[in-house]
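This is what each chain is made of:
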Amino acid sequence: MEAADLLALLDQQQFRRLRVIENLLREKKTVSTLYWGLRYRLLYLIALDKKMARGALDAPAQVLIKRGWAETGETPDQVRLTAAGATEQAAHAEHPQTWANWGMLDLLAARQRLLLAVQVVSQYAHSAKRYYPLATDLETRQAVRNWFHQSKSAQLPEQLFDSLKSSLEKLPPVTAGVVTDLFTGHGQPGLTADQLALSQERTAWSVTLMQFDGVMQIAQDARESDHPLSALFRPLWQSPVTRSAQQTLAAVSQGRRVEQIATVRQIKPGTAREHLLEAAILLPLAQFPYDWLLTPPMRAAFAASLTGPIDTWQYTALPQALQDRYTFFDFRLYAIWCDKRGVGDA
Amino acid sequence: MLEPLATSLEKVFGFTKFREGQQAALTSLEAGQDTLAVLPTGAGKTLIYQLYGYRHQGCVLIISPLLSLMNDQVDRMRMAGFKRVAAINSLTSYRERQVIMRHLGEYQFLFMSPEMLAQPQMLAQVKQLQLSLLVIDEAHCIVQWGPDFRPEYLLLGAIRTQLQQPLTLMLTATAGQTTRQEIAKQLRSQPEIVAESVDRPNIFLDVEQVADESEKQERLTALVGQLQGPGVVYFSSKQQASDTALTLQQQTGVQAAAYHAGLSSEDRFKIQQQFMAGQLDVICATSAFGMGIDKNDVRYVIHYHLPADFESYAQEIGRAGRDGLPSVAILLYASGDEQLPLMLGQANRPEPETIHRYYARPQAFSEDDAAIALLAFYKRHGISEAAVVNLFSRRERERNRALAQMLKYVCEPRCLRQNWLAAFDEQSPAHHERCCSPAGMTPDFEQLGLLASHKSDPVAQDGDWVARLRRLF
Ligand SMILES: [Zn+2]
């Protein structure tokens, strides 16, 4: 990731911690990382660069600071945009269009399947039987092979072309071009992200984000059952919440208490609470039992003490009586609830 | 009674004639004789074990050190019509490995990395298989001592014994007498040797001495701008390969790309395919490039850094001119270039003092360090401290000898080909004007017909994206 890429992820008001952004990209999903990912509106970055080295954002951050586009806060890890940086961001930074749903799909697997499927159908359209398939993992190969055997028909290439075209038309033309040029097919090896970045004078990361945008748009359209890629993508839709957290959430929704659940499932109560926070952060407001976990007196008590922007709230700054009555879990859940309703963000 | 070899060849591959060396190797194997085949790149070494596997019951186990290449090989075998083929190495996902292990007995061809085979559980499984043939691919890796050295190759002799000395085929593109003897010794075998000359008369050999790094870069830029492509430039460092690809593209207007082990497999695939499709003029590569490449019309191979030994140099220049047309291999040398291979070698070589301290307290060392990882490997396999010290000093002598030989080539005043072939114990034809140009002489590339007459077509990006999408289908 380069300076220009990081620029798009920063904010003028909010100090953002580089480590949180890094952990999101590397899929180090602690509750704290997820919570701040929520607050930064950057949860869509989860797992997009698992191989990123630790501290890889420090150098791009330094570049932004040197150019006067960013400044550090209390610690060098906290960074926000300067006025000049915000102007630069508004002028140049691009954002994916479909990011809000990225957590609902195994985006990396979807990308692999799409690339191989396009190659296979392209070769098929040109009646080529012998060619080198893209090197992918066994699961992708099997999924695409099964899909192809079931969907193979003389009309398939035309159908796939039509549906890809209609999906890509919903995106900016630059994005559509990038997604197209990254495909591999008959007589067309396809470009690498680096090559495209060079020829378009943008960063490799922004090219990659555009490709994800394209994959997501295509996958969304493929939810229609008559879409040629429907069966290929269907198994890749997933809850953003881990299975273990889903189980805890289901038990709570049936009215069990955290301690009971922990005993039954043989996990620590703390782990069960982390499951719940993870679910609260990653799921829409209506899919989490806030009414059950945040009682009216609790809400009233927090509302009376916690004023001002959410990011300034601190559990340890609460009156002692409140800290005695409510745990950090209650406090954090209240903040998530407020965040999801848009309260506290003036 | 088995059908004649020629009949099998026709049935499986549709060829009517063997290439040089293939028949001799197969005949030797059919006679139950371990065989060391020293055949140049592009001579069709894989056909030997493919055909043997076709003719005999059981599994052909192929040990290959090149991870990135292994999956290519499997794909090629599948394309050639062999269905029961699989590869296991450290890049294989856990799930995929489980699937392969469940069906282990069903494969006709099994590719494995040496470190995978060295694992006791894996070895136990492999012992249960009925092996028709054991193939040691790139067998010169047993003696090479570069940064890519695979210590596991040293265990192959012991492993082979544990597997009850199956019939063994050792394959390499280049090996002089010393290397051949070492391979045989390490594998505890007395193989029949089938060797073809490493000489490639259509490759003009050129050594150019430059004053320093910046002059070298200038010379490279001039050569790439001037010579007919496609070409390959070899580097010892990934970073330099990437940087140079970029500079060449900007300064000379050629289509250039980098290729090295640091790229994702998708990017490697695309670059390879672009190169094959004639969309690239030049590839800036590390030694990771080349093995899977079936491209006959490579016109030049330039070495930007001094190769560590003649074996790798011969392999790499052997990728030029497979179509038999005039081609050139250029080695750029600035005095002091030998420091780099020396350093790369030393980085992996612990001092006797370190070896001693490691053996006394292994837990005090981190295996993140390549040299320590190597020591840990030896210790785990029960090799004593004294033996390890001995091994390292022998290796170092071997490596220094190989490097000195390379330097002698660079300084050769009369005939490079003679010098080169002498390293492989071969006689050279008499020097002539289309043979070579030692340092200090100026090669006439125009006279040799090596100057560029056309550039490759850049990757088509014309038309709008809908038209480009249309072309796919
Ligand atoms: Zn000569």
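Not measured: the values here are computed from a predicted model.

Reading the values: rules and limits
Residues numbered from 1 in each chain as written. Chains lettered and ligands numbered in written order. Predicted model: local features only at pLDDT ≥ 70, side-chain atom pairs only at ≥ 80, totals over all residues. Heavy atoms only, no water. Contact = heavy atoms within 4.5 Å. Buried area = accessible area lost by both parts, 1.4 Å probe. Salt bridge = Lys/Arg side-chain N within 4 Å of Asp/Glu carboxyl O. Helix = DSSP H or I, 4+ residues; strand = E, 2+ residues; numbered from the N terminus. Nonpolar A, V, L, I, M, F, W, Y, C, P; charged D, E, K, R; others polar. Donors = N, O, S within 2.8 Å, 3.2 Å for Na, K, Ca; no water. Tetrahedral: all angles 85-135°; square planar, octahedral: opposite > 155°, others 65-115°. Buried < 20%, exposed > 50% of the residue type's maximum accessible area, 1.4 Å probe, protein only. Patch = residues over 30% accessible without salt bridge, like charges linked within 9 Å, V, L, I, M, F, W, Y side chains within 5 Å. Areas by Shrake-Rupley, 256 points an atom, 1.4 Å probe, with all protein chains shown as cover. Lys, Arg positive; Asp, Glu negative; His and termini not counted. Charge placed at Lys NZ, Arg CZ, Asp CG, Glu CD. Phe/Tyr/Trp six-rings, centres within 6.5 Å; stacked < 30°, edge-to-face > 60°. Lys NZ or Arg CZ within 6 Å of the ring centre and 35° of its normal. Domains from an automatic or database assignment.

A. Structural detail: the interface of chain A and chain B. Facing 47 residues of chain A, the contacting portion of chain B comprises 32 residues. Between chain A and chain B, the buried area comes to about 3500 Å², and carbon and sulfur atoms account for 61% of it. Together, A:Y132, A:F161 and A:P189 form the three largest contributors to the area buried by chain A at its contact with chain B, with a combined 20%. There are five salt bridges connecting chain A and chain B. Between B:E96 and A:R141 there is a salt bridge, with the nearest N and O atoms lying 3.0 Å from each other. Broken down by element, the residue count for the side of chain A that touches chain B peaks at eight residues, all from helix α6 (residues 107-125) of chain A. Partitioning the side of chain A that touches chain B into residue classes produces 24 nonpolar, 14 polar and nine charged.

B. Inspection of the coordination of the zinc ion at higher detail. Residue and element names in this part refer to chain B. Looking at the zinc ion, the protein donor atoms are C415 (SG), H431 (ND1), C435 (SG) and C436 (SG), and they sit 2.1 to 2.3 Å from it. Around the zinc ion sit four donor atoms; with metal-centred angles ranging over 98 to 114°, the donor geometry is tetrahedral. Along the chain, the residues donating to the zinc ion are arranged with the sequence spacing C-x15-H-x3-C-C. Exposure remark for H431: the relative accessible area of 43% places this residue in the partly exposed category.

C. A look at the environment of B:E208. Residue and element names in this part refer to chain B. Mapped onto the secondary structure, E208 falls in strand β8 (residues 203-210). Since its relative accessible area comes to 9%, E208 is described here as buried. Considering only alpha carbons, one finds E208 and T286, 78 residues apart in sequence, at a separation of 20 Å. What E208 contacts, discounting residues up to four positions off in sequence, is R219, L223, I330, L331, L332, Y333, P443 and F445.

D. The arrangement of a negative patch on the surface in detail. Residue and element names in this part refer to chain B. Together, D212, E213, E215 and E218 make up a negatively charged patch on the protein surface. Along the chain, E213 turns up in helix α10 (residues 213-226). We classify E213 as partly exposed; its relative accessible area is 37%.

E. Spatial organisation of the packing of aromatic side chains. This model, assessed by the stated rule, comprises 27 aromatic pairs over all chains. Ring centres of B:Y49 and B:F111 lie 6.5 Å apart, and the angle between their planes is 70°; this geometry places the pair in the edge-to-face category. Of this pair, B:Y49 sits in helix α3 (residues 45-55) while B:F111 sits in strand β4 (residues 109-112); the two residues are 62 residues apart in sequence, bridging distant segments of the chain. The ring of A:Y35 carries the charged tip of A:R332 above its face, separated from the ring centre by 3.6 Å. Directly above the ring of A:F161 sits B:R470, whose terminal nitrogen or CZ lies 4.0 Å from the centroid.

F. Quick peek at the domain arrangement of chain B. The domain architecture assigned to chain B consists of domain 1 (5-195) and domain 2 (199-458). Inter-centroid distance (C-alpha atoms) of domain 1 of chain B to domain 2 of chain B is 25 Å.

G. Representation of the domain arrangement of chain A in the model. Residues and elements named next belong to chain A. Entries for chain A in the domain assignment read domain 1 (3-93), domain 2 (103-236), domain 3 (241-289) and domain 4 (294-346). Distance between the C-alpha centres of domain 1 and domain 4: 26 Å. The interface is formed by six residues belonging to domain 1 together with eight residues belonging to domain 4. The junction of domain 1 with domain 4 conceals about 700 Å² of combined surface from both sides, 45% of it contributed by carbon and sulfur atoms. If you sort the residues of domain 1 by the area they bury against domain 4, Y35, L38 and R39 come out on top, with a joint share of 71%. Viewed at the interface, domain 4 and domain 1 are joined by three salt bridges. Residue R39 pairs with D311 through a salt bridge whose shortest N-O separation is 2.7 Å. Residue classes in the side of domain 1 that touches domain 4 are distributed as three nonpolar, one polar and two charged.

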